[in-house]
Amino acid sequence: MTLNHPILEIKNLKASINDNEILKNFTLSINKGEIHAIMGPNGSGKSTFSKILVGHPAYKVLKGEIRFKGLNILDLEPEERSHLGLFLAFQYPIEIPGVSNEDFLRLAYNSKQKFYDKPEVDPLEFLNIINKKLQLVDMSPIFLSRNVNEGFSGGEKKRNEILQMILLDSEVSILDETDSGLDIDALKTISKGINTFMNPEKAIILITHYQRLLDYVKPDYVHVMQNGKIVKTGPAELANELESKGYEWLK
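It should be emphasised that the depicted structure is a prediction, and the values quoted were computed from it without experimental measurement.

(A) Spotlight on the packing of aromatic side chains. Considering all chains together, one arrives at 4 aromatic pairs under this definition. When the ring of Phe115 is compared with that of Tyr116, the centres are 5.0 Å apart and the planes differ by 85 degrees; the resulting orientation is edge-to-face. Taking the relative accessible area as the measure of exposure, Tyr116 reaches 35% and is therefore partly exposed.

(B) Main features of the packing of helix H6 (residues 154–168) against helix H7 (residues 184–197). Packing of H6 against H7 leaves a shortest axis separation of 10 Å and a crossing angle of 5 degrees. The pairing of H6 with H7 is recorded here as roughly parallel in orientation. Residues Gly155, Lys158, Arg159, Ile162, Met165 and Ile166 of H6 lie in contact with H7, whose contacting residues are Ala186, Thr189, Ile190, Gly193, Ile194 and Phe197. Classifying every residue of the contact of H6 with H7 by side-chain character gives 7 nonpolar, 3 polar and 2 charged.

(C) Examining the environment of Ile30 more closely. Along the polypeptide, Ile30 turns up in strand E2 (residues 20–30). The class for Ile30 is buried, based on a relative accessible area of 0%. Sequence separation between Ile30 and Ile204 is 174 residues; the distance between their C-alpha atoms is 8.9 Å. For Ile30, the residues in contact, after removing those within four places along its chain, are Pro6, Ile7, Leu8, His36, Ala203 and Ile205.

(D) Spotlight on the pattern of salt bridges. By the definition in use, this model includes 9 salt bridges. Lys32 serves as the salt-bridge partner of Glu201, at 3.0 Å between the closest nitrogen and oxygen. One end of the pair, Glu201, is in the loop between H7 and strand E10 (203–207); the other, Lys32, is in the loop between E2 and strand E3 (35–39), and 169 residues separate them in sequence. Judged by relative accessible area, Glu201 falls into the partly exposed class, the value being 46%. Across the pair Arg106 and Asp103 runs a salt bridge, and its minimum N-O distance is 3.2 Å. Of the two residues, Arg106 and Asp103 are both situated in helix H3 (residues 101–115); the distance of 3 residues between them amounts to about one turn of the helix.

What counts as what
- Residues numbered from 1 in each chain as written.
- Predicted model: local features only at pLDDT ≥ 70, side-chain atom pairs only at ≥ 80, totals over all residues.
- Heavy atoms only, no water.
- Phe/Tyr/Trp six-rings, centres within 6.5 Å; stacked < 30°, edge-to-face > 60°.
- Buried < 20%, exposed > 50% of the residue type's maximum accessible area, 1.4 Å probe, protein only.
- Axes fitted to C-alpha atoms, helices over the stretch in contact; angles between N-to-C directions.
- Helix = DSSP H or I, 4+ residues; strand = E, 2+ residues; numbered from the N terminus.
- Parallel < 35°, antiparallel > 145°, perpendicular 65-115°, else oblique.
- Contact = heavy atoms within 4.5 Å.
- Nonpolar A, V, L, I, M, F, W, Y, C, P; charged D, E, K, R; others polar.
- Salt bridge = Lys/Arg side-chain N within 4 Å of Asp/Glu carboxyl O.

Here's what the structure looks like:
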């Protein structure tokens, strides 16, 4: 635990999409060095929360605030939030035909360098940087020459997301159902990448339906979302209880 201000603080957040209110007084506080898991039934607002955090334009924030590293980020563009250190790994990573993984990753890396007035790297320098990161997610350098996520298996797409997180060195990473559709080997590889990346200066939010990811990436807190807000918070063991009892008992 830290005595500093939380790295991420969300207070009484209300948000809607197409006039349909999804988040209802959502409140959450996260310190550096913590892993938080968010669980809950389908339609409880978990993915909506993750998208609003990174500034998805389809959602309208009606009230409340999001403070990241002490800054109110609600008026910031998604790329500004990203450069500041927020990262979202998508539940369904999209394919980008015609753009190689290497170019995509280098552009993302260089745009962050530029934001901090640091020198951009050329393709050769970048290969040096990215090859070290590839080992952390057990990906072959061959992936770099393929188009972004095109023809990738589910596990490869998810590993590619974790690779981006590691490359951008994000301070708060939101992993939206990164475990869905993975076999046990892919789950272990991705968990290893997450655990290696995590340190006392970072925080991770795991959005998941299943206990199994939490067997490999141990959360400090488990939050249960229902109807657009957190209705229960507990230690890692709460996930086991949810696995055996479901969500109905919380009502």
